[in-house]
Amino acid sequence: MVVYTVRVPPGSLKIALMGGDDPIVSKIDDSSPLKRTPIQKGFTLVAIRLGNNVILENMTTAEALEILHDNKNDPKRRLTFVADNFKRATKGGHPTVYEGTKPSLE
């Protein structure tokens, strides 16, 4: 599995996400800031890290779009994508939210 984390500038990302449970990039506009990154159509958005160090994971497509919209002016947001057909283990519920550093799995 290949994972990419990219910092994105404030403003609209000009991308389209599809899917229900897993937000998959379905289109990247030519004027999108993601055009200058390794992110491609078909990658799955698996985490959003906000400037206040809140990390959101396990989002549905609708939740991811809402979070991106609500935080479009955050100059320090980072997005993490997986480059293959990622399917998260947990379905439904609410996004997982971490404040600060993500807990260790050890």
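So, how was this worked out
- Residues numbered from 1 in each chain as written.
- Predicted model: local features only at pLDDT ≥ 70, side-chain atom pairs only at ≥ 80, totals over all residues.
- Heavy atoms only, no water.
- 1 Å grid on protein atoms, 1.4 Å probe; cavity = no way out; pocket = protein on both sides within 12 Å on 5 of 7 lines; lining within 4 Å.
- Points joined across faces, edges and corners; volume = space filled by probe spheres on them.
- Helix = DSSP H or I, 4+ residues; strand = E, 2+ residues; numbered from the N terminus.
- Nonpolar A, V, L, I, M, F, W, Y, C, P; charged D, E, K, R; others polar.
- Buried < 20%, exposed > 50% of the residue type's maximum accessible area, 1.4 Å probe, protein only.
- Pairing = 2+ DSSP bridges.
- Phe/Tyr/Trp six-rings, centres within 6.5 Å; stacked < 30°, edge-to-face > 60°.

For the rest of this paragraph, the subject is the layout of surface pockets. Taken as a whole, the second largest pocket holds about 170 Å³ of empty space. For the second largest pocket, the full set of lining residues is G11, S12, L13, K14, I15, L65, L68, H69, K72 and R77. Ranked by residues supplied to the lining of the second largest pocket, first place goes to helix α1 (residues 61-70) with three residues. For the lining of the second largest pocket, the class distribution of residues is four nonpolar, three polar and three charged.

Attention now moves to the pairing of strand β4 (residues 44-49). In terms of burial, β4 is a largely internal element, five of the six residues being buried. Two elements, β4 and strand β6 (residues 78-82), share five bridges in a ladder whose sense is antiparallel. Across the sheet, residue I48 finds its bridge partner in β6, namely L79. Relative to strand β5 (residues 54-57), β4 runs antiparallel, the two being bridged by three bridges. Paired with A47 across the two strands is E57, which belongs to β5.

The next subject is unusual backbone geometry. As a rule of thumb, non-glycine residues mostly have phi less than zero, and peptide bonds are mostly trans rather than cis. One non-glycine residue with positive phi stands out, namely N53, at about 70°. Turning to its location among the elements, N53 is positioned in the loop between β4 and β5. Phi at N58 is positive, roughly 55°, even though this residue is not glycine. With respect to the helices and strands, N58 occurs in the loop between β5 and α1. Given a relative accessible area of 22%, N58 falls into the partly exposed group.

A few words on the packing of aromatic side chains. Here the distance between the centres and the angle between the planes together describe a pair of aromatic rings. For the coordinates displayed, the defined rule picks out one aromatic pair. Aromatic pair Y4 and F43: ring centres 5.8 Å apart, planes at 5°, arrangement stacked. Of this pair, Y4 sits in strand β1 (residues 3-7) while F43 is found in the loop between β3 (24-28) and β4, placing the two residues 39 residues apart along the sequence. For Y4, a relative accessible area of 28% puts it in the partly exposed group.

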